[in-house]
Amino acid sequence: MSGWLAKASSSLRQENTETPQPFVLTCECGLEHNGLRRNRHQRIICKTCGASLFVLPKDVYPAPVARKPKKKKKKGKGHSRGRRKAATVSQRVVRSVASVPAVAADSLRTLGLKLLQSLRQTVTSWLTAFRNFWTPFRLIILGIVIMIGFTLTMVARSRGLEAARETVRTAVEAGTSALDDGELAEARDHFAQAAAALDRLGRDDPEAEQIRQRWRETTAMTRLLSQDLYALIEEGDHAAAAGIEDEWEEEFQARHSGKWIVLELPVMHDADKDTYRMPYPMPVGIEGRVVTIDVNVPVMARLTFGDAPRTVIMAAPVESCSLTNNRRIWTLGLDTDQAFLWAHLDTYEAVGFDFDDWQPRARVRQILESQAEAVGALSPTSEQL
């Protein structure tokens, strides 16, 4: 045992003395120090920066013996190399593919940051220019200009409204005077001016509606059908007997469409279908065809109907007059958008309606008053009627 230890110690000592062990140390200033290790440690002082470097002593253990590499079998050498090469190529491809989204994301992120920075700089420059432009003096001038513009606008609006009020007053007086003198066209024009001025004023009170009603009534009176309704439909019936009703209907459109008609007839309301029908009381022609007037107009909804027909006095432009497919009924079509309920007794008389036992004056006045109330106009007094 002791002999083995002595041999090992002498072997170690011999190895240490025979094999030099160099060292290389790099100082923190970058200067390299080299030399041979000694049996004891060393302390080196750097000549450049004066730092102290510590050098370990020689290694007392012998260097390990390198193992001989095993010989690889020749069989399958090419196959293994091919697999390693394929694996390497696959790894490169995977890394390349994996790096594409990251590169794209980085590019998009960089582009977005640049755009955001550019936008921020633009907004900042605009705000800076805005603040630099609007000095306190300029703000005061702007406020003065706004106040002057607002004042001028209010003055112009006030003058416009005052002019509209004056137009209403003078136009109504002139229209009433022309109506009393029988100058219907002149009265219509004056009431039209008054109605336009009321629209500018935004008035919808009963007095304003009464003025508008005057304008509508004088408009209808100056544009009435030039022929009696019964005679007109009888003419069409003769055309139907001759088999030329289509030509007559076309002639009716050309000559009479757009002309006004004033009707005073009982109106029946079908509550289930919510429709209104005004049957003409007299048959027409040799065959005694029936005449039906289409009065499904919005103004009818303002009236109250019961089970019995209600007498209605209304006016509307005519649009068509045609024979139904069974050739038994004439249908008169009206312009529903312009149809209105009559409200004044003096214009009613001016149209040419007469009073009789079946429709006395008091009864007509009652009908007109109820219709004036339905359309929102002032009910005419006895003096006005």
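All figures in this text were calculated on a predicted structure; none of them were measured in a lab. (Residues numbered from 1 in each chain as written. Predicted model: local features only at pLDDT ≥ 70, side-chain atom pairs only at ≥ 80, totals over all residues. Heavy atoms only, no water.)

Student: An account of the overall build of the chain is needed here, citing residue identities and associated values.
Tutor: Counting its regular elements, the chain contains nine helices and 10 strands. Expressed as a percentage of contacts within the chain between residues at least 6 apart in sequence, the contacts between residues at least 24 apart total 58%. Working note: accessible area of the chain is about 26,100 Å², and carbon and sulfur atoms make up 56% of it. (Helix = DSSP H or I, 4+ residues; strand = E, 2+ residues; numbered from the N terminus. Contact = heavy atoms within 4.5 Å. Areas by Shrake-Rupley, 256 points an atom, 1.4 Å probe, with all protein chains shown as cover.)

Student: Could you give an account of a negative patch on the surface, naming the residues involved and the relevant values?
Tutor: A contiguous patch of negative charge on the surface is contributed by Asp180, Asp181, Glu183 and Glu186. Its place among the elements puts glutamate 186 in helix H4 (residues 184-201). (Patch = residues over 30% accessible without salt bridge, like charges linked within 9 Å, V, L, I, M, F, W, Y side chains within 5 Å. Salt bridge = Lys/Arg side-chain N within 4 Å of Asp/Glu carboxyl O. Lys, Arg positive; Asp, Glu negative; His and termini not counted. Charge placed at Lys NZ, Arg CZ, Asp CG, Glu CD.)

Student: With reference to specific residues and values, describe the pattern of salt bridges.
Tutor: Enumeration over the complete set of coordinates arrives at 13 salt bridges. Residue arginine 203 is joined to glutamate 207 by a salt bridge in which the shortest nitrogen-to-oxygen separation is 3.6 Å. Measuring nitrogen to oxygen at the nearest pair gives 3.0 Å for the salt bridge that ties glutamate 209 to arginine 212. Here the residue glutamate 209 and the residue arginine 212 both occupy positions in helix H5 (residues 206-221), the gap between them amounting to three residues, near one helical turn.

Student: Can you break down a nonpolar patch on the surface residue by residue, with the values?
Tutor: A cluster of nonpolar side chains, Phe137, Ile140, Ile141, Ile144, Val145, Ile148 and Leu152, forms an exposed patch at the surface whose accessible area comes to about 710 Å². You can see leucine 152 is positioned in helix H3 (residues 136-180).

Student: Quick one: what's the story with H3, residue by residue and with numbers?
Tutor: In this model, H3 (45 residues) spans 66 Å end to end at C-alpha, consistent with the 66 Å of a helix rising 1.5 Å per residue. Of the positions making up H3, those classed as buried are Leu161, Ala164, Val168, Ala171, Gly175, Ala178 and Leu179. Following H3 by one or two positions, glycine 182 adopts a phi angle in the positive range, close to 80 degrees. (Expected span 1.5 Å × (residues − 1). Buried < 20%, exposed > 50% of the residue type's maximum accessible area, 1.4 Å probe, protein only.)

Student: Describe the layout of surface pockets, naming the residues involved and giving the relevant values.
Tutor: One number sums up the size of the largest pocket: a volume of about 570 Å³. Around the largest pocket, the lining is made up of 22 residues, and of these Asp228, Val262, Leu263, Glu264 and Phe353 lie nearest the centre. Of all the elements in the fold, those that place two or more residues in the lining of the largest pocket are strand S5 (260-270) and helix H8 (345-351). Here the element with the most residues in the lining of the largest pocket is S5; it accounts for six residues. (1 Å grid on protein atoms, 1.4 Å probe; cavity = no way out; pocket = protein on both sides within 12 Å on 5 of 7 lines; lining within 4 Å. Points joined across faces, edges and corners; volume = space filled by probe spheres on them.)

Student: Requested: an account of the pairing of strand S4 (residues 52-55), with residues and values cited.
Tutor: Only one face of S4 is covered, namely the one carrying Leu53 and Val55; the face carrying Ser52 and Phe54 has none of its residues buried. Bridge count between strand S3 (residues 42-45) and S4: four bridges; the pairing is antiparallel. Residue pairing for S4: glutamine 42 is matched across the bridge by valine 55. Between S3 and S4, which pair antiparallel one after the other, the connecting turn spans six residues, and glycine 50 there sits at a positive phi close to 80 degrees. (Pairing = 2+ DSSP bridges.)

Student: Describe the nonpolar core, and please don't skip the residues or the numbers.
Tutor: Ranked by size, the top nonpolar core spans 37 residues in total, and within it Ile293, Val295, Met300, Met314, Leu332 and Leu334 carry the most contacts. Residue assignment for this core shows that the elements contributing at least two residues are helix H6 (229-241), helix H7 (245-256), S5, strand S6 (275-279), strand S7 (290-294), strand S8 (310-323) and strand S9 (329-334). Ranked by residues supplied to this core, first place goes to S8 with six residues. Counting 14 residues, the second largest nonpolar core, distinct from the first, contains Leu161, Val168, Leu179 and Ala197. (Core = buried A, V, L, I, M, F, W, Y, C linked by side-chain atoms within 4.5 Å.)

Student: Provide a residue-level description of the packing of H4 against H5, including the pertinent values.
Tutor: Here H4 crosses H5 at 145 degrees, and the two axes come no closer than 8 Å. Handedness of the crossing formed by H4 with H5: left-handed. Along its contact with H4, which presents Leu184, Ala187, Arg188, Phe191, Ala192, Ala194, Ala195, Leu198 and Asp199, the element H5 presents Ala208, Ile211, Arg212, Arg214, Trp215, Thr218, Thr219 and Met221. Grouping the amino acids of the contact of H4 with H5 by side-chain chemistry returns 11 nonpolar, two polar and four charged. (Axes fitted to C-alpha atoms, helices over the stretch in contact; angles between N-to-C directions. Left-handed = near helix turned anticlockwise from the far one by under 90°. Nonpolar A, V, L, I, M, F, W, Y, C, P; charged D, E, K, R; others polar.)

Student: I'd like to hear about the packing of H6 against H7, residue by residue, with values.
Tutor: Relative orientation of the contacting elements H6 and H7 amounts to 150 degrees, with a least axis distance of 8 Å. One element, H6, and the other, H7, form an angle in the roughly antiparallel class. For the element pair H6 and H7, the recorded crossing hand is right-handed. On H7, the residues that touch Leu232, Glu235, Gly236, Ala239 and Ala240 of H6 are Glu245, Trp248, Phe252, Arg255 and His256. Each residue belonging to the contact of H6 with H7 can be placed in one class, and the counts come to five nonpolar, two polar and three charged. (Parallel < 35°, antiparallel > 145°, perpendicular 65-115°, else oblique.)

Student: Give me the lowdown on unusual backbone geometry, citing residues and values where you can.
Tutor: A negative phi angle is the norm for most residues apart from glycine, just as the trans form is the norm for most peptide bonds. Phi is positive for aspartate 274, close to 55 degrees, though the residue is something other than glycine. Structurally, aspartate 274 can be placed in the loop between S5 and S6. On the basis of relative accessibility, which here comes to 52%, the residue aspartate 274 falls in the exposed class. The backbone of arginine 327 sits at a positive phi, close to 60 degrees, despite the residue not being glycine. Here arginine 327 is to be found in the loop between S8 and S9.

Student: Describe the environment of alanine 196, and please don't skip the residues or the numbers.
Tutor: Within the element layout of this structure, alanine 196 appears in helix H4. Given the relative accessible area of 34%, alanine 196 is considered partly exposed. In the structure, alanine 196 is positioned 29 residues away from threonine 167 in sequence and 9.3 Å away in space, judged by C-alpha atoms.

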